[in-house]
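Listed here are the chains, written in short residue letters.
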Amino acid sequence: MTKIRFAKTHLAKSLSLVLGASMCAPLVAQEAEDLEVIQVTGLRGSLQEAAAIKRSSAGVVDAISAEDIGKFPDTNLAESLQRITGVSISRTNGEGSEVTVRGFGGGNNMITLNGRTMPAAITYGAGTGADGTTKGGNTRSFDFANLASESIRAVEVYKTGKANIATGGIGATINIITAKPMDQEGFVATVGAKAVHDTTNRTGDDLTPELSAIMSYANDDKTFGVSLSAVHQERDSGYTGATVNNWNIDYWDDIADPDRMWNNADANYVNAPEQGQLYARPNDIRYAFSNTQRTRDNMQLTLQFAPTDDFKASVDYTFAENEIVEQRGEIGNWLQIGTNTGTVEFDNSAVKTPIYISESYAGGVDEGYEQQWREQTNTLDSVGVNFEYNVNDDFKIVFDAHDSTMHSRGTGPRGSGELAVGLGAPTVVSREWFWDADLPTYSNVYDDSIRGANNNGQVDAGDVGSSIARIRNASQKSSITQYKLDATYFLDSGHFDFGLEAREMESRSFQTAGNNIALGNWGVANPGEFGDLIQPFDLPGEFDDFTTRSGGYGFIANAADLYTAAEALYPGIPSGVEDALSFDDTIQEDTLAAYVQVSLEGEIGKMPFSILTGIRYETTDVTSTSLISRNYFQWEDNNDVVAYVDGSETSYVSADSDYDFLLPSLDLRLEIQDDLIGRFSYSKTIARAGFGSLGVSASNFAGGGGSTLLGAQPTADASNPALLPLESSNVDLSLEWYYDETSYVSAGLFQKDVVNFLGSRQVDQPLLGIRDVTGGPRAEAAAQALADRNIALDDTSLYAMMVLLSQPEAFPGGADDYTGTPEQIQQLAETDGWDLLANEDDPEVIFRTNTPDNNRAAKIYGAEFAVQHFFGDSGFGVQANYTVVRGDVGFDNEADPNQSQFALVGLSDTANLVAMYEKDGFQARLALNWRDKYLAEVNKGSSNNPRYVESYTQLDVNVSYDINDQFTVFFEGLNITEEDIREHARNETQLWYATDLGARYQLGARYKF
């Protein structure tokens, strides 16, 4: 058999070698409004401007400025922000996505565009949760991957609160500033082009384009101006990864206990846990590949009109669209446990974890090869107006309004965000797993003479058939209408500010039911049915940085084509996405705010000082509306307990809540010497709960992977519409030494005391009257029948006996003829119409329900150190910073798996080191970014597990040369050392995700008119 391995093409290899060798606004604080305008000239000029903003601002403010029109330092805004002290980022497919500031993740940071609150939405992968990239909507966190950087003038990070800044950012308020026509004189334009080469690309183009055009014009009198920017970017990429569906944690006890995670007394347990010790059992190991095409288009039009020196009007329109198409596939090897277990060897960790597992299967089981097609479009539309009027020399008013919408939805075939077709080859007769490496590996023994395979002695497409298909979609549409009136009265030694703000926000998120569509069903009844649509693919061989074992098999196919073929093979299956919804939540927030603040300047002992103090009052009314549908479980085979949604019985429920806050702020700035500045800041800030936590009903029902009689634990998520925002009392103290125009050293301490922290507690409770098909009188009768026949009790045998007791005609002698042979089990599991449904005699399911609440308080504290230095006129410079972040509540890895925990997520030390050179038209920058290990999630899965992201280091390079004043050529390299991402649970053996990534190179030119 010939296997396909998507090796890099000759062009890709050549490009990698050649490029590798080349490596040898409204929110601008009014305290800085009299700041001298700095002419930006190159990298050093942009750093000088950023340092001037930092130096002259009240509170702790960091900034990044464009070197020139169309020359923002990084292609991705998040990649630029990670250079700022205290800011770290998360990545999706190797590209910056969301930011964390001082330990607070994306949803706890306020993102504004020219001072306006931006809506957020993301539903990638229809929320399936199949890997670490899928998201199901309900986010408040703006995804920076939606914005290109070419039209960005600057980004400011406000780490301390101010009365005139919109609430929502405990970590920081991040303001993205776009270029305005009256910022320039006369006509200025630039065009740029890049060729992008992503070394992870398999099936797309080795070179993809990024094109930009920016034009700005202001007449000589600066009474009229217009600017237009347009950006088109394409990227073809891929990754190879691995994931584990769940880690089950329990206490080691009687080996013959039926509800034990391993209950085969005849198995060989090596280095077994002590009685009562915690131990782990994985559900599976899945290798995955991804081939992705991303197209990003941005456009902004701004008109400005200033008929007099005292009045200026601006109108702007912003459009951003990000289209993502992904083909993804897996190899899945699930544990069957029960009597299949042969040997389990444990490590010596506190929570003992298998490093080796073996199983054997008398009748054979399948190896899964699910294929997925994901397609997503995210669209931002924003229209705004701004009027600035100087009433007289002492009084100025500014009115700003905008209406903005962000819509994230699946745009794939058959109305899907994800179309998945499960494939499998039912030919595995024994299996081994090896968990003692960064990438768990496996080794299977195959027999294709069984279960309808083609019996040619090798695993090929003739052995592969379908199991279950799913067609899912998800949508989040968020809109914000915001009105702001700001006024400033200038005093002899300061100014007095006041203002009003009204903001209406609505976010609707829904996900279609995505019920299982039976094709060949879980037993893979029809091997070979798709013919040449399925091709062999050496997925284990695609890992560059992890070692796999020889002998593994993989396949690749287009899921959309497979489903079209399945319509002919299985008449009557759905033609598209279902009308039934698994959830449908709408959150409405109406906010009114008023603020006053005063800025005063003076001297203390010949040391100039400034004070900015104010207070903001804000009230918010919240209405949450959620869909309630009839949900039920269907038991379809041993561990396949599947939740279904009945869309014929639905209703909507609503709940109202409200809250108000009084938020003071104080910033003190003292010039101890001309070049030495000390700061003290105090503020209260809030961050609202995520939309997904504010619904009214429960969702994400899961059956637990087997019978509750044998210890399976069904799970669900619940919401809480009465959640209050997090409230933080913040203190900052810093010292900054500006010993040159472009050089400084700074050190600061910060502390955040947070109340109303969102914890995640788990409650065992019934929900929506859902009954337990896997427990109750029928399950007990089946268990007794197995005991009477001396047949070992596990999920497979229990399911088969329950089916047999309800379908006694299966064998001539009914249950008396049942001996538990593989053939009998297969017949009972795969006969249409014999799946098990709950009845009125079954008890209600007791769900371990993950529920958010506000009853937590925590303290986050840390220190920030930064230095920026240029070595005279040599052209060389360096930037370095280090941030220490600590919290007083961590995760206990040895805690009871039945108890939920509260812990602070996102806390990690971060560091940046940037070496720079700029002289005679030549620029070079080598940037190292490091983020230490951090806790990203708590109470994951049925055993309240943590999710840790391991430490990550990325090295980027940027080189440019100005051929003349107009024409520049440049080269960029991202992740040039090809670092990977790995995440784990209670210890490093317990892998959650591993992603094998690569470098990305960009070669381009820019011309300025």
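Here is what the cut-offs are and how they apply
- Residues numbered from 1 in each chain as written.
- Predicted model: local features only at pLDDT ≥ 70, side-chain atom pairs only at ≥ 80, totals over all residues.
- Heavy atoms only, no water.
- Helix = DSSP H or I, 4+ residues; strand = E, 2+ residues; numbered from the N terminus.
- Rg over C-alpha atoms; globule rule 2.2 N^0.38 Å.
- Buried < 20%, exposed > 50% of the residue type's maximum accessible area, 1.4 Å probe, protein only.
- Pairing = 2+ DSSP bridges.
- 1 Å grid on protein atoms, 1.4 Å probe; cavity = no way out; pocket = protein on both sides within 12 Å on 5 of 7 lines; lining within 4 Å.
- Points joined across faces, edges and corners; volume = space filled by probe spheres on them.
- Nonpolar A, V, L, I, M, F, W, Y, C, P; charged D, E, K, R; others polar.
- Salt bridge = Lys/Arg side-chain N within 4 Å of Asp/Glu carboxyl O.
- Core = buried A, V, L, I, M, F, W, Y, C linked by side-chain atoms within 4.5 Å.
- Phe/Tyr/Trp six-rings, centres within 6.5 Å; stacked < 30°, edge-to-face > 60°.
- Patch = residues over 30% accessible without salt bridge, like charges linked within 9 Å, V, L, I, M, F, W, Y side chains within 5 Å.
- Areas by Shrake-Rupley, 256 points an atom, 1.4 Å probe, with all protein chains shown as cover.
- Lys, Arg positive; Asp, Glu negative; His and termini not counted.
- Charge placed at Lys NZ, Arg CZ, Asp CG, Glu CD.

### Description of the overall build of the protein
Along its length, the protein carries seven helices and 47 strands. Whereas a compact globule of 1009 residues would reach a radius of gyration of roughly 30 Å, the protein reaches 30 Å, a difference of no more than 12%. Each of the three principal axes of the protein carries a C-alpha extent, and together these read 100 × 60 × 50 Å. Each of the 1009 residues in the protein was classed as buried or not, and the buried ones make up 59%.

### Observations concerning the pairing of strand E24 (residues 494-512)
The pairing of strand E23 (residues 474-491) with E24 spans 18 bridges and is antiparallel. Paired with Leu485 across the strands is Leu500, a residue of E24. What sits between the antiparallel neighbours E23 and E24 is a turn of two residues. Direction of pairing for E24 relative to strand E28 (residues 581-604): antiparallel, over a ladder of 19 bridges. What sits directly across from Phe510, in E28, is Asp584.

### Topic: empty space enclosed by the protein
In this structure, the largest cavity occupies an estimated 530 Å³ of space. In terms of lining, the largest cavity is formed by 40 residues, of which the most central are Asp62, Arg83, Ile84, Tyr744 and Gln879. Broken down by secondary-structure element, the contributors of at least two residues to the lining of the largest cavity are helix H2 (42-56), strand E1 (61-65), strand E34 (726-740), strand E35 (743-765), strand E37 (847-870), strand E38 (876-887), strand E39 (910-919) and strand E40 (922-931). Per element, the largest residue contribution to the lining of the largest cavity is six residues, and it comes from H2. Broken down by class, the residue content of the lining of the largest cavity amounts to 19 nonpolar, eleven polar and ten charged.

### Re the pattern of salt bridges
On inspection of all chains with the given rule, the structure shows 40 salt bridges. Across the salt bridge formed by Arg688 and Glu618, the nearest N and O atoms sit 2.7 Å from each other. Taken together, the residues Arg688 in the loop between strand E31 (676-687) and strand E32 (699-702) and Glu618 in strand E29 (residues 607-637) connect sequence positions 70 residues apart. A relative accessible area of 2% means that Glu618 is categorised as buried. A network of salt bridges, in which partner residues are shared, links Lys54, Asp62, Arg102, Lys159, Asp732 and Glu864.

### Structural notes on unusual backbone geometry
With a phi angle near 65 degrees, Asn521 is a residue other than glycine that sits in the positive phi range. Relative to the helices and strands, Asn521 is located in the loop between strand E25 (517-518) and strand E26 (535-536). Here the phi dihedral of Glu978 falls at roughly 55 degrees; this positive angle occurs in a residue that is not glycine. Counting through the fold element by element, Glu978 comes out in the loop between strand E44 (967-974) and strand E45 (981-984). With a relative accessible area of 30%, Glu978 lands in the partly exposed category.

### What about the nonpolar core?
Formed by 64 residues in total, the largest nonpolar core has its most connected members in Trp262, Tyr287, Tyr369, Val421 and Ile534. Per-element tally for this core: the top contributor is strand E20 (residues 418-434), with six residues. In terms of nonpolar packing, the next biggest core, distinct from the first, is built from 33 residues, Phe701, Leu710, Ala779 and Phe847 among them.

### A few points about the packing of aromatic side chains
Applying the stated rule across the entire model yields 34 aromatic pairs. With centroids separated by 6.3 Å and ring planes inclined at 20 degrees, the aromatic side chains of Phe311 and Phe387 adopt a geometry described as stacked. Linking Phe311 in strand E15 (residues 311-334) with Phe387 in strand E18 (residues 371-392), this pair joins segments that are 76 residues apart in sequence. The partly exposed category is assigned to Phe311, whose relative accessible area is 27%. For the pair Phe543 and Phe546, a centre-to-centre distance of 6.2 Å together with 90 degrees between the ring planes defines the contact as edge-to-face. With a relative accessible area of 6%, Phe543 lands in the buried category. Three or more aromatic residues link up through ring pairs in this structure, and these residues are Trp252, Trp262, Tyr269, Tyr279 and Phe346.

### As for a nonpolar patch on the surface
A cluster of nonpolar side chains, namely Phe187, Val191, Tyr217, Phe224, Leu228, Leu301, Leu303, Phe305, Val315, Tyr1007 and Phe1009, defines an oily patch on the protein surface of about 960 Å² accessible area. Counting residues per element, the ones that place at least two in the nonpolar patch are strand E8 (186-198), strand E10 (224-243) and strand E14 (284-308). At three residues, the largest contribution of residues to the nonpolar patch is made by E14. Its place among the elements puts Val191 in strand E8.

### A few points about a negative patch on the surface
Residues Glu504, Asp590, Asp621, Asp656, Asp658 and Asp660 make up a contiguous surface patch of negative charge. In this structure, Asp590 sits in strand E28. For Asp590, a relative accessible area of 41% translates into the label partly exposed.

By themselves these figures say nothing about function.
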